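In case you want the letters, here they are:
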Amino acid sequence: MEADPRVSVVERTFRHESGRAVATLIRVLGDFDGAEEAVQDAFVVALERWPRDGVPSNPGAWITQVARNSAIDRIRRESNLREKTAILEGLEALRPPELGPADRVAAAGEIEDDRLRLIFTCCHPALSLQARVALTLRTLGGLGTAEIARAFLVAESTMAQRLVRAKRKIAQAGIPYEVPPPERLPERVPGVLATIYLIFNEGYLASDSDSLVRTELSAEAIRLARVLASMLPREPEVAGLLALMVLTDARRPARVDASGEAVPLDEQDRALWDVEAIAEGLALSEWAAAHGPVGPYTIQARIAAAHGVAASAEETDWARIVRLYEWLAHAAPSPVVELNRAAAVAMRDGPQPGLELIDGIDGLEEYRQLHSARAELLRRLGRDEEAASAYARAIELTSNQVERRYLERRVSELTQAR
């Protein structure tokens, strides 16, 4: 039996709108769990009603309105919370049919501010950096606990405990739901930048999805970075992160072919890349580099810029990219940076030096990209059996179905070549 397309609309709306609705409800409730439960209730109602009654003209506003009503019902059952009921019942700006044009603009601005407030609340310095990022991904990005756990390379149970502790700490410490004043912004910015970038990465390469990308998350990350850049116009790393995401997102149209299958960077049709986005990203990255100190996001933006100006993989300035990765490894050392540097060395010097570097990396045994990169270099060296084994391990670690099919095709190609 064919799936009802209106159910798919509910699923897409959850990805697009749950973060907005949760952010708005947190502002008035001051309660992460209560806001999430109210929004989840609204989506349950949508699953019941939309297939029967049709999809509303403004699904996001409908969800927020129903979540508001659900929150009111919960609060009414708790007699000591009448004050919050009054606040919620005053949120008439969330009722689209009754809004005039000027009111709609004001309401939209309030909801946009809610999302930025939520990021800064989640990124309070009282929380660990991982807790800040994970909590924002959960509440604003609409990611499940399992998806966030994969992004951090930890067990789902471990991540669930971190999320519970982070919410409890916000409540117990009375952390305000606000964008902090200018003098307190610097202590929050690193966590905010890390959060935005992880949201972007989950959108650019969905960890658990039937599609390779989740465009709404990437677009949300870029939008939030633009808002932050307008707040901090002299902060180079904010511009650097925006440049990095814009340059990376410019390649999105070429990442899948006409049948929806993944296309690796070296095989992409670069005519499909967004030239306007590349131009914007180049300008931003140059400004960030010129107004240092140069941080990790700006360095990565310069790497993305080197890819963006190359007419082909063969014409890419791999020597420059290797130097930039060496700089990045000094500024922000990590096994993932070492893996990327090894891949760039392989493009500059050949597969054997790259493979030797990869085989010397510790801590990425459960990281899919290590095994797929290793498999690719083994394939280029003609070591097909080892390559097939490495591809198989990458497949075991891959939950994205498009990526899985790409890796399976690689294994099939090796088998046919024998």
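It should be emphasised that the depicted structure is a prediction, and the values quoted were computed from it without experimental measurement.

### Looking at the packing of helix H11 (residues 236-249) against helix H12 (residues 275-290)
So, point 1. Between H11 and H12, the least distance of the axes is 8 Å, while the angle of their chain directions is 155°. Comparing their axes, H12 and H11 come out roughly antiparallel. For the crossing formed where H11 meets H12, the hand is left-handed. In contact with Pro236, Ala239, Gly240, Leu242, Ala243, Val246 and Leu247 of H11, H12 contributes Ala277, Ile278, Glu280, Gly281, Leu282, Leu284, Ser285, Trp287 and Ala288.
So, point 2. Considered class by class, the residues forming the contact of H11 with H12 number 12 nonpolar, 3 polar and 1 charged.

### Digging into helix H16 (residues 351-359)
So, point 1. Considered for burial, the residues of H16 that qualify are Pro351, Gly354, Leu355 and Ile358. Around the axis of H16, the buried residues are gathered within 100° of arc, so they sit on the same side.
So, point 2. On its buried side, H16 packs onto helix H15 (335-349) and helix H17 (368-380).

### Some thoughts on the packing of H15 against H16
So, point 1. Relative to each other, H15 and H16 sit at 165°, their axes nearing to 7 Å. Considered as vectors, H15 and H16 are oriented roughly antiparallel to each other. Considering the relative orientation of H15 and H16, their crossing is right-handed. Contacts between H15 and H16 involve Leu339, Arg341, Ala342, Val345, Ala346 and Asp349 from the former and Pro351, Pro353, Gly354, Leu357 and Ile358 from the latter.
So, point 2. Among the residues making up the contact of H15 with H16, the classes are represented as 8 nonpolar, 1 polar and 2 charged.

### So, the nonpolar core
So, point 1. Counting residues in hydrophobic clusters, the biggest one holds 83 residues, and the most contacted among them are Leu118, Leu135, Ile196, Leu228, Leu241 and Met245.
So, point 2. If you tally residues by element for this core, the top one is helix H9 (residues 185-204), at 10 residues.
So, point 3. Contact partners of Ile196, with chain neighbours within four places excluded, come to Ile119, Ala221, Leu224, Ala225, Leu228, Leu241 and Met245.
So, point 4. Among the nonpolar cores identified, the runner-up in size contains 23 residues, and Ala262, Ala346, Leu370 and Leu407 belong to it.

Cut-offs applied
- Residues numbered from 1 in each chain as written.
- Predicted model: local features only at pLDDT ≥ 70, side-chain atom pairs only at ≥ 80, totals over all residues.
- Heavy atoms only, no water.
- Axes fitted to C-alpha atoms, helices over the stretch in contact; angles between N-to-C directions.
- Helix = DSSP H or I, 4+ residues; strand = E, 2+ residues; numbered from the N terminus.
- Parallel < 35°, antiparallel > 145°, perpendicular 65-115°, else oblique.
- Left-handed = near helix turned anticlockwise from the far one by under 90°.
- Contact = heavy atoms within 4.5 Å.
- Nonpolar A, V, L, I, M, F, W, Y, C, P; charged D, E, K, R; others polar.
- Buried < 20%, exposed > 50% of the residue type's maximum accessible area, 1.4 Å probe, protein only.
- Arc of directions from axis to C-beta.
- Core = buried A, V, L, I, M, F, W, Y, C linked by side-chain atoms within 4.5 Å.

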